[in-house]
Amino acid sequence: MYDEIQEIKAQYPRTRSAVLPALRIAQQRYGWLTPDALREVADALDETPAFCQSVASFYDMFHLAPVGRRLVEVCTNISCALVGAQQVLEAFEQELGIRAGETTDDGQVTLRALECAGGCGWGTVVAVDHRYREPVRPEDVPAIVQEVRDGG
Amino acid sequence: MAASEIVLAGAADRDLTQIDAYREVGGYATLDRARGMGPQAVLDELLTADIKGRGGAGFPMGRKASFIPKPGQNPNPTYLTVNADESEPGTFKDREIMLRVPHRLIEGCLITAHAIGSRNVFIYIRGEYLREFEIIRAALEQAHGAGLMGDVTIVLHRGAGAYICGEETALLESLEGERGQPRTKPPFPAIAGLYASPTLINNVETIATVPAIVEHGGAWYADQGTEGSRGTRVFSLSGNVRRGGNYELELGTTLRDLIYHHGGGLPGSRRIKAIIPGGSSVPVLTADDIDTPLTFEAMADKGTFLGSGAVIVIDDRCCMVQLGLRVAQFYMHESCGKCTPCREGTRWMVQILRKIEDGRAEQAELDLLLDVCDRILGKCLCPLGDAAAMPIASYVDKFRAEFQAHIDAGGCPYKGESSLERVFAPVDQHTHHPTVEVPA
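Treat the numbers as computed from the prediction; the structure is a model and nothing was measured.

Rules used in this analysis
Residues numbered from 1 in each chain as written. Chains lettered and ligands numbered in written order. Predicted model: local features only at pLDDT ≥ 70, side-chain atom pairs only at ≥ 80, totals over all residues. Heavy atoms only, no water. Domains from an automatic or database assignment. Contact = heavy atoms within 4.5 Å. Buried area = accessible area lost by both parts, 1.4 Å probe. Salt bridge = Lys/Arg side-chain N within 4 Å of Asp/Glu carboxyl O. Polar contact = N/O pair within 3.5 Å; in protein donor to acceptor, adjacent residues only side chain to side chain. Helix = DSSP H or I, 4+ residues; strand = E, 2+ residues; numbered from the N terminus. Nonpolar A, V, L, I, M, F, W, Y, C, P; charged D, E, K, R; others polar. Pairing = 2+ DSSP bridges. Buried < 20%, exposed > 50% of the residue type's maximum accessible area, 1.4 Å probe, protein only. Right-handed = clockwise from strand over helix to strand, strands pointing away.

## Here's the deal with the domain arrangement of chain B
Residues and elements named next belong to chain B.
Inference 1: When the domains of chain B are assigned, the result is domain 1 (19-222), domain 2 (232-315) and domain 3 (320-409).
Inference 2: Here the C-alpha centroids of domain 2 and domain 3 sit 23 Å apart.
Inference 3: Between domain 2 and domain 3, the contact holds 13 residues from the first and 12 residues from the second.
Inference 4: When domain 2 packs against domain 3, the two sides together hide about 970 Å² of surface, and 66% of this comes from carbon and sulfur.
Inference 5: Considering only the surface of domain 2 that becomes buried against domain 3, Lys273, Ser281 and Val284 emerge as the three largest contributors, covering 47% of it.
Inference 6: On the surface where domain 2 and domain 3 come into contact, there are 1 salt bridge.
Inference 7: Between Glu402 and Lys273 there is a salt bridge, with the nearest N and O atoms lying 2.7 Å from each other.
Inference 8: Where domain 2 packs against domain 3, one counts 5 residue pairs in polar contact (both at pLDDT 80 or more).
Inference 9: If you list the elements that add at least two residues to the side of domain 2 that touches domain 3, you get strand E7 (272-276) and strand E8 (285-286).
Inference 10: Residue composition of the side of domain 2 that touches domain 3, by class: 8 nonpolar, 3 polar and 2 charged.

So this is what it looks like as structure tokens:
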């Protein structure tokens, strides 16, 4: 990871610019930004862990607490909401047996609502590990959950 | 030659993500020509084209580029930064451009870099846009392989989920590795932007238009659209409409044409209740405004903005208080926290709107809501505060009777039948119940 971050650093006139890509690499490796992960990023960038955490905490895509192995996100901003995003979210809640913002007991899947994903004309947008499915209707949800649980 | 499609031209019947296909439609030929022209000659074409920025603010691109110091006027390098952090609710046009015509964006970057004497380009792409990132990255590799980059480096920089980073100075902060909080202006980025150096920041669509402007000439471009709104725009159509999607149309096309002709109208026998013409941050229009042309000037006459070109159609099943609540929740979630009026005001807006929706609001709180909006408007460093206050104030202004009905009846007159019923926001997922009450 250290070497990978050094390579990214070289793309920028200033080291600090590499903090977002470096945090992303660390999150991919550890699943979430553990204290150790933040320390590793800090070492690679010659910053403090506190600085890295202060940046990470600003951005929604960084996890500062454990999350499931798979991330299911449902856009609930207005364009999707107007065409029924809340029913899609509730279908996921029912199918997974958790509320939005929670992780299944087996640690496999985290479900959360997402602000406008940028697929407004094809709502409701669902992102599975950041891969968009659009449009998703409540009746599509069981198959998506099955696929996610099967590792697809 | 008039063309309805400029930015997306050719993408309907070819896979323009491949460099060979892009070259078959004349791609990268303009780059060679532009490099043969002096930078000032390219800038002159952009000035003649009179293209206004496509990100939302609508500042003339040629003028902004002209503010960049000429070689020798500033000791620092000049940067070109492309704003691909598309996040304004309702907007998904830049995504379509990156997915379908990535090489046009890259060619636009290279031509613009030549015009302003920059060798360093950064494309700041929204973190959630994974597929778009992969497509641009692949296109960049193809452009490298074809030896098109000259002495220019293009760095593709991914965001990590923060609406505010679409604001240009917040974007620069984020690109420098900081929390994405906006800077005070002046100095403007043209003088002291990225790494305190001269920086031109443009939206994806603006940059992707540059090749056509240089190819056909600024005068050709300026001939399309209207006097105040030249050229075309990729409009994002969404909400209660049959065929949502992106439509590149000449500016001056009416809302009616976009919604009914291109979008196929509303499903079922629904009627238009409200239209958001430029992304969720702009004041709302009503069904009476259906014949308004999609231009900067016509929208200004109606007291609103063309913004990001995102048209959201709202039918008669929608409770406007719920809509306001959801919009306010978004801005509360995305407020960076730097300015007090925005940080605190958005929270107040959410709390009051929640009380109104639940039927717990007193009469005075409707005026309090407007008062809060007024205390945000024009009082923040960046436009996010305004983006929260303007739409909410407009919902109350245009649908006051509906807000009043909530107070009079002690609850939502839609009685569970609104299209936004049980609408849920990411801010709710931490608590699963409404945020703290307004202090008595």
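## Regarding the interface of chain B and chain A
Inference 1: At the junction of the two partners, chain B supplies 68 residues and chain A supplies 50 residues.
Inference 2: Overall, the association of chain B and chain A removes approximately 4600 Å² of surface from exposure, summing both partners, and the carbon and sulfur fraction of that is 54%.
Inference 3: Linking chain B with chain A are 5 salt bridges.
Inference 4: Here Glu178 of chain B and Arg16 of chain A are joined by a salt bridge, their closest N and O atoms 2.9 Å apart.
Inference 5: At the junction of chain B with chain A, the criterion picks out 26 residue pairs in polar contact (both at pLDDT 80 or more).
Inference 6: Per element, the largest residue contribution to the side of chain B that touches chain A is 7 residues, and it comes from helix H14 (residues 320-334) of chain B.

## Remarks on unusual backbone geometry
In most cases, non-glycine residues show a negative phi, while peptide bonds are predominantly trans.
Inference 1: Cis geometry marks the peptide bond from Glu134 of chain A to Pro135 of chain A; its omega dihedral reads -10 degrees.
Inference 2: Inspection of the secondary structure puts Pro135 of chain A in the loop between strand E4 (131-133) and helix H7 (141-149).
Inference 3: Cis peptide bonds are those with omega within 30 degrees of zero, and the linkage from Lys185 of chain B to Pro186 of chain B qualifies with -5 degrees.
Inference 4: Along the polypeptide, Pro186 of chain B turns up in the loop between helix H8 (168-175) and helix H9 (189-192).
Inference 5: Phi at His130 of chain A takes a positive value of approximately 70 degrees, unusual for a residue other than glycine.

## Description of the sheet that holds E7 of chain B
All names here are of chain B.
Inference 1: Strand order across the open sheet formed by 5 strands is E6-E5-E9-E7-E8, with mixed pairing between neighbours. Only two strands of the sheet have a single neighbouring strand rather than two, namely strand E6 (245-250) and E8.
Inference 2: The sheet contact formed by strand E5 (residues 232-239) and strand E9 (residues 310-315) spans 4 bridges and is parallel. Across the sheet, residue Gly239 finds its bridge partner in E9, namely Val313.

## Some thoughts on the pairing of strand E2 (residues 120-125) of chain B
As a general feature of sheets, a regular strand has side chains that alternate between the two faces.
Residues and elements named next belong to chain B.
Inference 1: Among the 6 residues that make up E2, 5 are buried, leaving the element largely enclosed by the rest of the structure.
Inference 2: Here 6 bridges tie strand E1 (residues 79-84) to E2, and the two strands are oriented parallel to one another. Bridging from a neighbouring strand, Asn83 pairs with Tyr124 of E2.
Inference 3: Handedness of the crossover is the feature at issue here: the chain leaves E2, passes through helix H7 (residues 130-145), returns alongside strand E3 (residues 153-158), and the resulting connection is right-handed.

## Digging into the pattern of salt bridges
Residues and elements named next belong to chain B.
Inference 1: Tallied over the full model, the rule gives 34 salt bridges over all chains.
Inference 2: Between Glu205 and Lys93 there is a salt bridge whose closest N-O contact spans 2.9 Å. Taken together, the positions of Glu205 in helix H10 (residues 204-216) and Lys93 in helix H5 (residues 93-100) put the pair 112 residues apart, joining distant regions of the chain.
Inference 3: Two residues, Arg375 and Asp371, come together in a salt bridge whose shortest N-O distance is 2.7 Å. Placement of the pair is Arg375 and Asp371 together in helix H16 (residues 363-376), with a separation of 4 residues, close to one helical turn.
Inference 4: Taking the relative accessible area as the measure of exposure, Arg375 reaches 55% and is therefore exposed.

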